[in-house]
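# Coordinate inspection notes
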Amino acid sequence: MNGGGEGADEMEEDGKEEEEEEKRKGEKEKVVLMWGYLPGVSPQRSPLLYPVLVPMPDSAPGDSWKDVSGGGCGFAMAISESGKLLTWGSADEMGQSYVTSGKHEETPEAFPLPTEAPIVKAAAGWAHCVAVTAYGEVYTWGWKECVPTGRVIADHPSAGTSSEKDERHNVGDQGEHTNPILCQLSIEGVSFFISIVYRCNKGNSIAVSPRSQVSRTSAGTVSAFENRGGEESTKRRRISSAKVGPESSTSSEETLSSPPCLVTLSSGVRIVTVAAGGRHTLALSDMGHVWGWGYGGEGQLGLGSRIRTVSSPHPVPCIESAAYGKDRTPGSAKGNRSSEGQAKLIGSCVKAIACGGRHSAAVTDTGALLTFGWGLYGQCGQGSTDDELSPICVSSLLGVKIEGIAAGLWHTVCTSVDGDVYSFGGNQFGQLGTGSDQAETLPKLVDASCLENKNARAVSCGARHTAMLTDDGEVFCWGWNKYGQLGLGDAIDRNIPSQVPMETYHLLNISCGWWHTLVLAESPT
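Residues numbered from 1 in each chain as written. Predicted model: local features only at pLDDT ≥ 70, side-chain atom pairs only at ≥ 80, totals over all residues. Heavy atoms only, no water.

### Regarding the overall build of the protein chain
Helix and strand counts for the protein chain come out as six helices and 34 strands. Looking at the 525 residues of the protein chain, the share that counts as buried comes to 55%. The long-range fraction of contacts in the protein chain, counting pairs at least 24 apart against all pairs at least 6 apart in sequence, stands at 58%. Summed over all atoms, the accessible surface of the protein chain reaches about 22,400 Å², with 49% contributed by carbon and sulfur. (Helix = DSSP H or I, 4+ residues; strand = E, 2+ residues; numbered from the N terminus. Buried < 20%, exposed > 50% of the residue type's maximum accessible area, 1.4 Å probe, protein only. Contact = heavy atoms within 4.5 Å. Areas by Shrake-Rupley, 256 points an atom, 1.4 Å probe, with all protein chains shown as cover.)

### Overview of the pairing of strand β8 (residues 128-133)
Of all six residues that make up β8, six are buried, and the element is covered over most of its length. By the alternation rule, side chains of β8 split into His128, Val130 and Val132 and Cys129, Ala131 and Thr133, which are all buried. With five bridges joining them, strand β7 (residues 119-124) and β8 adopt antiparallel strand pairing. What sits directly across from Ala124, in β8, is Cys129. (Pairing = 2+ DSSP bridges.)

### Describing the sheet that holds strand β1 (residues 30-36)
Judged by pairing direction, the sheet is antiparallel, and its four strands sit side by side in the order β2-β1-β34-β33 without closing on themselves. Whereas interior strands pair on both sides, the edge strands pair on one side only; in this sheet they are β2 (48-53) and β33 (506-512). The mean angle between the axes of side-by-side strands here comes to 20°, regardless of whether they run parallel or antiparallel. The pairing of β1 with β2 spans three bridges and is classified as antiparallel. Across the sheet, Leu33 pairs through a bridge with Leu53, a residue of β2. (Axes fitted to C-alpha atoms, helices over the stretch in contact; angles between N-to-C directions.)

### Notes on the sheet that holds strand β6 (residues 109-110)
Ordered by their spatial adjacency, four strands build an open sheet running β3-β4-β5-β6, and the pairing between neighbours is antiparallel. Edge strands, defined here as strands with exactly one partner in the open sheet, are β3 (65-72) and β6. Sheet topology places strand β4 (residues 75-80) next to strand β5 (residues 85-88); four bridges connect them, and they run antiparallel. Note that in β5 the partner of Ala78 across the bridge is Leu86.

### Some thoughts on the environment of Gly433
Relative to the elements of secondary structure, Gly433 occurs in the loop between β27 (421-425) and β28 (439-445). Spatially, the C-alpha atom of Gly433 lies 7.9 Å from that of Ala448, the residues being 15 residues apart in sequence. With near-sequence residues (within four places) excluded, Gly433 lies in contact with Asn427, Val446, Trp478, Asn495, Ile496 and Pro497.

### Focus on unusual backbone geometry
Backbone geometry at Arg45 places phi at a positive 60°, although glycine is not the residue there. In this structure, Asn453 takes a positive phi of about 65° despite not being glycine. Residue placement: Asn453 occurs in the loop between β28 and β29 (456-461).

### Quick word on the side chain of Asp63
Tracing the chain through its elements places Asp63 in the loop between β2 and β3. Buried within the structure, Asp63 lacks any salt-bridge partner; its nearest side chain of opposite charge belongs to Lys84, at an N-O separation of 7.5 Å. At 3.4 Å, the side chain of Asp63 and the backbone nitrogen of Glu81 are in polar contact. Separated by 2.5 Å, the side chains of Asp63 and Ser82 make a polar contact. (Lys, Arg positive; Asp, Glu negative; His and termini not counted. Salt bridge = Lys/Arg side-chain N within 4 Å of Asp/Glu carboxyl O. Polar contact = N/O pair within 3.5 Å; in protein donor to acceptor, adjacent residues only side chain to side chain.)

### Some thoughts on the packing of aromatic side chains
Within this structure, the stated rule accounts for 10 aromatic pairs. Centre to centre, the rings of Trp374 and Tyr377 are 5.7 Å apart; their planes meet at 90°, and the pair counts as edge-to-face. Accessibility classification places Trp374 together with Tyr377 in one group, the buried group. Of the aromatic side chains, those joined through ring pairs into one cluster are Tyr37, Phe429, Trp480, Tyr483 and Trp515. A cation sits over an aromatic face here: Arg464 above Trp410, 4.6 Å from the ring centre. Looking at Arg464, its charged tip hangs above the ring of Trp480, at a distance of 5.4 Å from the centre. (Phe/Tyr/Trp six-rings, centres within 6.5 Å; stacked < 30°, edge-to-face > 60°. Lys NZ or Arg CZ within 6 Å of the ring centre and 35° of its normal.)

### Some points on the confidence of the model for the protein chain
Mean pLDDT for the protein chain: 79, with 72% of residues reaching 70 or above. This stretch, residues 153-250, has a pLDDT under 50; its non-local contacts, to residues over four places away or in other chains, come to 204 contacts. Note that residues 327-334 has pLDDT below 50 and, in this model, seven contacts with residues that lie over four places away or in other chains. (pLDDT = per-residue confidence, 0-100.)

### A closer look at the side chain of Gln431
Mapped onto the secondary structure, Gln431 falls in the loop between β27 and β28. Apart from the residues lying within four places of it in its own chain, the contact partners of Gln431 are His411, Gly426, Arg464, His465, Thr466, Trp478 and Gly479.

### Notes on the nonpolar core
In terms of nonpolar packing, the biggest core is built from 19 residues, with Leu282, Val290, Cys318, Ile346, Val350 and Ile353 touching the most fellow members. At the level of secondary structure, the elements contributing two or more residues to this core comprise β18 (280-285), α5 (318-324), α6 (337-346), β21 (350-355) and β23 (369-373). Counting residues per element, this core draws most heavily on α5, which supplies four residues. Beyond its immediate chain neighbours, meaning those up to four positions away, Cys318 contacts Val290, Val350, Leu370, Phe372 and Pro391. Counting 18 residues, the second largest nonpolar core, distinct from the first, contains Cys73, Trp126, Trp374 and Leu376. (Core = buried A, V, L, I, M, F, W, Y, C linked by side-chain atoms within 4.5 Å.)

In structure tokens:
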């Protein structure tokens, strides 16, 4: 009887193998296409104005594409069916990004991670990356400020704040250590940062001064201040006056870069997806809880403060903060019907996350949209330009069930279960797709005529451009196009969605890097 059972099992297994083989034969090959600025791909360092096929590496025979993961500033990332994280597109003049991408240029290569576990999700900020394994573990690497070290580093007081009440945080008992201060550099409207090292000795404390918030508006749109983005941005930042000496490009960048490390989370926490901003990271667990670390000076970590750096993962109180408001707690709200009703609308867990340059967003199980962080361009969707230090519900969308979320440097885009697209925030290059260059502090429906009868399946944001995938496999792009990141064959910005000509491919997913766009598609043959 046992023998007969084993034979039946073998026949069943053979049948399954044949079925899988037939299924594989019927499946079309998956390909990845890219366009925009990936300097290592072109010998002349010129942008790719049209979609171009990305080759699978010769070092991975039999492997194929599984998903696209955008990438950072000048480098791209994708995941193979075998679970390898492939990076490419950078060039040595990209400095920190070149090191972070593994120095992979024209041809995709597997990034060397200290694990054999398959990678299932990945994301990148300006010069840091984060990846999730099939077992729910998280690895991160790149710019040292973005990689957890177990320390919480407070902000520094600036000149002229002596009259403000100081909060003091102990650096910790790690002994003498170094931490980077960042100087902001703006080149062609893109913010870069130079890291300057200062030294703290054991037992020292660092003073923290609350930052005053800038221009506030009651509702609607923002216009004139947006043209002064660089000036306002400078006012909002503390720029170090320390001098930086000349250094060799790659070697100096390597000293400021951390190799891949396993992120330590609470026991039993299993991460399912991650998001990376300019200098901060969010991770979402299978239980719908959010964890954050990195730079938090504008509230993008949702911890209710302006702590400069959170160097160990901290739970982000998304549901609690959004459901009960800034000055209330669940206990104080008992018996308050309006508070209880708000809590029900907010939901009980988070289903999706996104990181922008200095702000963050999350979608709950009820379809509520939460935002937090830098608000200068209205990217938190609250009808003002205030920073939001804790997660807060975008109340104007409470009647709409939100499903997808993406964030750029200064803007936010979301999709509803009905396939509509809403956008808000900075709009200097048309990245909101509203037909103008006027910023929006409240969500606005993207209702271009070309999207009539089209339903959004996915949306992704680059630094200043947006890409949308429809449920019938078409791609529309809009926003900044100086480097061809819209894939339309030119370098002209668009303030309304424009379809990328890709008739021969059926598109499956889309993901933007800072200055480029990637799509996963089925080959026509």
